[in-house]
Amino acid sequence: MKDHAPSAERNRHEILPVLTRVLPTTGLILEIASGSGQHAVHFAPHFPDAQWLPTDRTETALASIRAWATEAGCPNLLDPKELDVTWSEWPVAAADAMVNINMLHISPWAACEGLMAGARRTLKTGAPLFYYGAFLRLDRETAPSNLEFSRSLTTRDPAWAVRQLEDVTAVAEHHDLALEQVVDMPNNNYSVIFRRR
């Protein structure tokens, strides 16, 4: 059964130009926490010489991804795999790039640590990890909407919150991922590109 995420419908057009600049045109692109599958079916056709592998940790999400993929009929979109970023071993041995969209604020902090640890194990040297989402930043005044968004998340689950970019970067650095670029995006979001050392 296809799920539909309005945010994925909105932001996919904003994210794609950054992906086409950052991601390799060949190899395996590993999407973490693919959710409904809308991003996968939108992005994969723009990388026809690469393989796009969506993943998620819930069967509901995996079923939705398969439903979207079946309808799209994209030949380089692989069957999704179950993957929880906090696992010490992932079902993918190596990847040429990783994409993760809007996961960190609706996950416990352990998911950030798991994402970066998994990226160190999985990404080849020089490969990018692309992350898109909302962040708090020490070098910028936070938009009131992001502060309110963070408060609403914590009300729903005390382990959730809009993360401090500097804290996420510190975890990435610890796992041999260098911060390469932060791109301003609409609606107070950012595209953040890390690269495996």
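Throughout what follows, the structure given in this document is the object of discussion. (Residues numbered from 1 in each chain as written. Predicted model: local features only at pLDDT ≥ 70, side-chain atom pairs only at ≥ 80, totals over all residues. Heavy atoms only, no water.)

1. Describing helix H5 (residues 144-156)
Taking 1.5 Å of rise per residue, 13 residues should cover 18 Å, and H5 covers 19 Å from first to last C-alpha, within 8% of that figure. Where H5 is concerned, the buried positions are Asn146, Ser150 and Leu153. In an axial view of H5, the angular spread of the buried residues amounts to 60 degrees, which keeps them on one side of the axis. In this structure, H5 carries Pro144 and Thr155 as exposed residues pointing more than 90 degrees from its buried face. For H5, the elements touching its buried residues are strand S5 (128-134). (Helix = DSSP H or I, 4+ residues; strand = E, 2+ residues; numbered from the N terminus. Expected span 1.5 Å × (residues − 1). Buried < 20%, exposed > 50% of the residue type's maximum accessible area, 1.4 Å probe, protein only. Arc of directions from axis to C-beta. Contact = heavy atoms within 4.5 Å.)

2. Quick look at unusual backbone geometry
Of note, aspartate 176 is a non-glycine position whose phi angle comes to about 65 degrees, a positive value. Even without being glycine, asparagine 188 reaches a positive phi, approximately 60 degrees. Of the residues examined, asparagine 188 reaches a relative accessible area of 36% and is grouped as partly exposed.

3. Points about the pairing of strand S2 (residues 50-56)
Summarising burial for S2: six of the seven residues are buried, a large majority. When strand S1 (residues 27-32) meets S2, the two strands line up parallel, connected through five bridges. Following the sheet pairing, glycine 27 is matched in S2 by alanine 50. Direction of pairing for S2 relative to strand S3 (residues 81-82): parallel, over a ladder of two bridges. Within S3, the position partnered with threonine 55 by the bridge is lysine 81. Of the crossover connections in this fold, the one passing from S2 over helix H3 (residues 59-72) to the parallel S3 is right-handed. (Pairing = 2+ DSSP bridges. Right-handed = clockwise from strand over helix to strand, strands pointing away.)

4. Things to note about the packing of helix H4 (residues 109-122) against helix H6 (residues 165-174)
With their axes 9 Å apart at the nearest point, H4 and H6 run at an angle of 35 degrees to one another. Crossing angle aside, the handedness with which H4 passes H6 is right-handed. Each of Trp109, Cys112, Glu113, Met116 and Arg120 in H4 lies in contact with H6, whose residues at this interface are Asp167, Val168, Val171, Ala172 and His174. Taken together, the residues of the contact of H4 with H6 break down into six nonpolar, one polar and three charged. (Axes fitted to C-alpha atoms, helices over the stretch in contact; angles between N-to-C directions. Left-handed = near helix turned anticlockwise from the far one by under 90°. Nonpolar A, V, L, I, M, F, W, Y, C, P; charged D, E, K, R; others polar.)

5. Comments concerning H3
With 14 residues, H3 extends 20 Å from end C-alpha to end C-alpha; this agrees with the ideal 20 Å at 1.5 Å per step. Listing the buried residues of H3 in full gives Ala61, Leu62, Ser64, Ile65, Trp68 and Ala69. Projected down its long axis, H3 shows its buried positions confined to an angular sector of 160 degrees, all on one face. Turned more than 90 degrees from where H3 packs its buried face, Glu59, Thr60, Thr70 and Glu71 sit exposed.

6. Description of the environment of aspartate 139
Positionally, aspartate 139 belongs in the loop between S5 and H5. Counting along the chain gives 30 residues from aspartate 139 to tryptophan 109, while the straight-line C-alpha distance between them is 22 Å. A polar contact of 2.9 Å, which involves the side chain of aspartate 139, links it to the side chain of arginine 137. (Polar contact = N/O pair within 3.5 Å; in protein donor to acceptor, adjacent residues only side chain to side chain.)

7. With respect to the environment of alanine 5
Structurally, alanine 5 is set in the segment before helix H1 (6-22). Residues alanine 5 and leucine 53, spaced 48 residues apart in sequence, show a C-alpha to C-alpha distance of 19 Å.

Any functional reading would require information beyond the geometric quantities listed.
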